[in-house]
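Examination of the molecular architecture
So the chains spell out like this:
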Amino acid sequence: MIIVMKPTSTKEDLARVTQKIESVGLSTHLSVGKERTIVGVIGDKKIIANLEMNMMPGVEKTVRITEKYKLVSREFHPEDSVIDVAGVPIGGKNLVVMAGPCSVESTEQLEEAAEAVAKCGAKFLRGGAFKPRTSPYDFQGLAEQGLKMLRTAADHNGLKVVTEIVDKDDIDLIGTYADIYQVGARNMQNFQLLKALGKAKKPVMLKRGLSATISEWLNAAEYIAAGGNENIILCERGIRTYETFTRNTLDLSAVAAVKELSHLPIVVDPSHGTGRWEMVRPMARAAVAAGCDGLIIEVHPHPEVALSDGDQSLTPKNFKALMEEVRQFGALMGKTL
Ligand code: PEP
Ligand code: MN
C-alpha cells in the first residue's frame, strides 16, 4: 500500500502516519516529491490489509498496489528518476549513449574504440571483462586486467565505465574500476547477486532476462532497491521468441510499458536485441522515438576479428552515422545527447 499525503499536510501529520504504521510492526519508505510526499508501507500483507489510514489528518488517499514491486513503481514515485552516475545524469531530459566492444580484448582495441565513441558524443565506455558465454570453450574475458584497461581508456577520453558483473564476490573489485555495474540478461534473476548489489555504493544497470516478463524484470529491480540501492537503470536487450532471423526480438513496447509502470530510466540495447549490425541503427532510432533514456551499442574498431559479437558490432564509421541520427531523434523527443 502507498499513502499519498496532501500537498498541505504538515510534518506532524507525516510523523503521526509513520508512527501508526510502525506501531503495528510494518516499515515505511518515504518518497518526497516536489508536489507531495508518498509513504510506502512495507511488510506483512495481512497486517497491511487491516490498516486504516484514510481518515488521518494530512492523508489525501491510500492506494493498494497489486504488483509486488513498490519502490520501483511509478505509483510510489510519480516523477521520473534521474540517476547521477559520477556526474553524468541518466533519465529525465537526457539521452545517454554507452558504447564500446562486447569484450575487452587488448589495450589497442579499447583505446581505439574509446576514442572513436567519445568523439561522437558517447558518455560511457562499455566492455565485458567477465563474459557470460554460452560455451565454456569461448573467450571468457580478461578479468581484472580488462577492468584496468577499461578504466584507463575511459579516463583518457573523458568517459565513464559500465561493465558486467557475474559474481557477487566481485562487487568490490569491479567497483574499484567501474561507474555502473551491469547485470546481464542471464543473471537477471540471480537473487543473491541482486541482494548484494542492493548494498553496493554504485548504480546498477539491470538487463531484462532472456525470457523475462516485464513484471519479473521490475521485481528483480525491486530486489536491488529493497536492499537500499535505488540507483537502478533498466535495459531492454531483446527477448526469446520463435523468430530466428534476429538473435532476439527487441521489445520496444517494453519502453512504453516501463514508462507507465516505473520511474526508473530505461536504456535500449539494439546490438543484442537484433544480433545484426545492419539493424542496429534503425532500431536505435526507433528506441529513441519510443522514449528511452539511452542506448548501449557495441562498437569495435575491427568487428571482423572481434572475440565476441562481431556480427552485431558497428565500425566507428557506422557508429558516427548512428549518433548523428540519434541526436536528431532525441531532439524530437525533447532529449539532449
Ligand atoms: C553484453 O552486454 O555483452 C551482454 C552479454 O549482454 P546480455 O546480458 O544482454 O546478453
Ligand atoms: Mn555482447
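Cut-offs applied
- Residues numbered from 1 in each chain as written.
- Chains lettered and ligands numbered in written order.
- Predicted model: local features only at pLDDT ≥ 70, side-chain atom pairs only at ≥ 80, totals over all residues.
- Heavy atoms only, no water.
- Donors = N, O, S within 2.8 Å, 3.2 Å for Na, K, Ca; no water.
- Helix = DSSP H or I, 4+ residues; strand = E, 2+ residues; numbered from the N terminus.
- Pairing = 2+ DSSP bridges.
- Axes fitted to C-alpha atoms, helices over the stretch in contact; angles between N-to-C directions.
- 1 Å grid on protein atoms, 1.4 Å probe; cavity = no way out; pocket = protein on both sides within 12 Å on 5 of 7 lines; lining within 4 Å.
- Points joined across faces, edges and corners; volume = space filled by probe spheres on them.
- Nonpolar A, V, L, I, M, F, W, Y, C, P; charged D, E, K, R; others polar.
- Buried < 20%, exposed > 50% of the residue type's maximum accessible area, 1.4 Å probe, protein only.
- Arc of directions from axis to C-beta.
- Contact = heavy atoms within 4.5 Å.
- Near = heavy atom within 4 Å.
- Polar contact = N/O pair within 3.5 Å; in protein donor to acceptor, adjacent residues only side chain to side chain.
- Areas by Shrake-Rupley, 256 points an atom, 1.4 Å probe, with all protein chains shown as cover.
- Sits in = over half its atoms within 2 Å of the grid points.
- Domains from an automatic or database assignment.
- Parallel < 35°, antiparallel > 145°, perpendicular 65-115°, else oblique.
- Left-handed = near helix turned anticlockwise from the far one by under 90°.

Those protein atoms acting as donors to the manganese ion (ligand 2) are C102 (SG), H272 (NE2), E298 (OE) and D309 (OD), and they sit at 2.0 to 2.4 Å. Ordering the donors of the manganese ion (ligand 2) by residue number gives the pattern C-x169-H-x25-E-x10-D. One end of the pair, C102, is in the loop between β7 (96-100) and α3 (107-119); the other, D309, is in the loop between β14 (294-298) and α11 (316-332), and 207 residues separate them in sequence.

Let us now look at the sheet that holds strand β1 (residues 2-5). Pairing within the open sheet is antiparallel, and its 4 strands lie in the order β2-β3-β1-β4. What marks the edges here is a single partner per strand, and that holds for β2 (27-32) and β4 (59-63). With strand direction ignored, the average angle separating the axes of adjacent strands in the sheet is 20°. Pairing of β1 with β4, which is carried by 4 bridges, proceeds in the antiparallel orientation. Bridged to I3 within β4 is T62.

This paragraph deals with the layout of surface pockets. Of the pockets and cavities examined, the largest pocket occupies roughly 420 Å³. Taken together, 15 residues line the largest pocket, and the ones lying closest to its centre are G43, K45, I48, K68 and K70. If you list the elements that add at least two residues to the lining of the largest pocket, you get α2 (45-49) and α7 (214-226). The residue inventory of the lining of the largest pocket, partitioned by class, reads 7 nonpolar, 2 polar and 6 charged. Reported here for the second largest pocket is a volume of approximately 270 Å³. Lining the second largest pocket are 22 residues, with K131, P132, R186, H272 and D309 sitting closest to its centre. A breakdown of the residues in the lining of the second largest pocket according to their chemical character gives 4 nonpolar, 8 polar and 10 charged.

Right, let's talk about helix α8 (residues 253-261) for a bit. Among all positions of α8, only A254, V255 and V258 are buried. Buried residues of α8 fall within an arc of 105° about the axis and therefore sit on the same side. Looking at the packing, one finds that the buried side of α8 touches α7, β12 (232-236), β13 (266-268) and α10 (277-290).

All residues adjacent to ligand 1 are C102, R126, K131, E164, Q182, G184, A185, R186, K207, R237, H272 and E298. Measuring from an oxygen atom of ligand 1, one finds a side-chain N or O atom of Q182 at 2.9 Å. At a separation of 3.5 Å, an oxygen atom of ligand 1 approaches a polar side-chain atom of E298. Considering ligand 1 on its own, with 300 Å² of exposed area, one finds that the protein chains cover 97% of that surface. Here ligand 1 occupies the second largest pocket.

Further remarks concern unusual backbone geometry. Excluding glycine, most residues fall at negative phi; most peptide bonds, likewise, are trans. Even without a glycine there, the phi angle at A143 is positive, about 55°. Here A143 lies in helix α4 (residues 143-156). A positive phi is found at D309, a non-glycine position, where the angle reads about 55°.

Domain annotation for the protein reports domain 1 (2-63) and domain 2 (83-332). Placing the centre of domain 1 and that of domain 2 at their C-alpha centroids yields a distance of 37 Å.

Here we take up the packing of α10 against α11. Running from amino to carboxyl end, α10 crosses α11 at an angle of 15°, the nearest separation of the two axes being 9 Å. Looking at the two axes, α10 sits roughly parallel to α11. In this structure, α10 crosses over α11, and the sense of that crossing is right-handed. Residues W277, V280, R281, A284, R285, V288 and A289 of α10 pack against N318, A321, L322, E325, V326, F329 and G330 of α11. Residue composition of the contact of α10 with α11, grouped by class: 9 nonpolar, 2 polar and 3 charged.

α8 packs onto α7 with a crossing angle of 50° between their chain directions and a minimal axis gap of 11 Å. The pairing of α7 with α8 is recorded here as oblique in orientation. Relative to α8, the crossing made by α7 is right-handed. Residue-level contacts link I214, W217 and L218 of α7 to A254, A257, V258 and L261 of α8. Looking at the contact of α7 with α8 residue by residue, the classes come out as 7 nonpolar, no polar and no charged.

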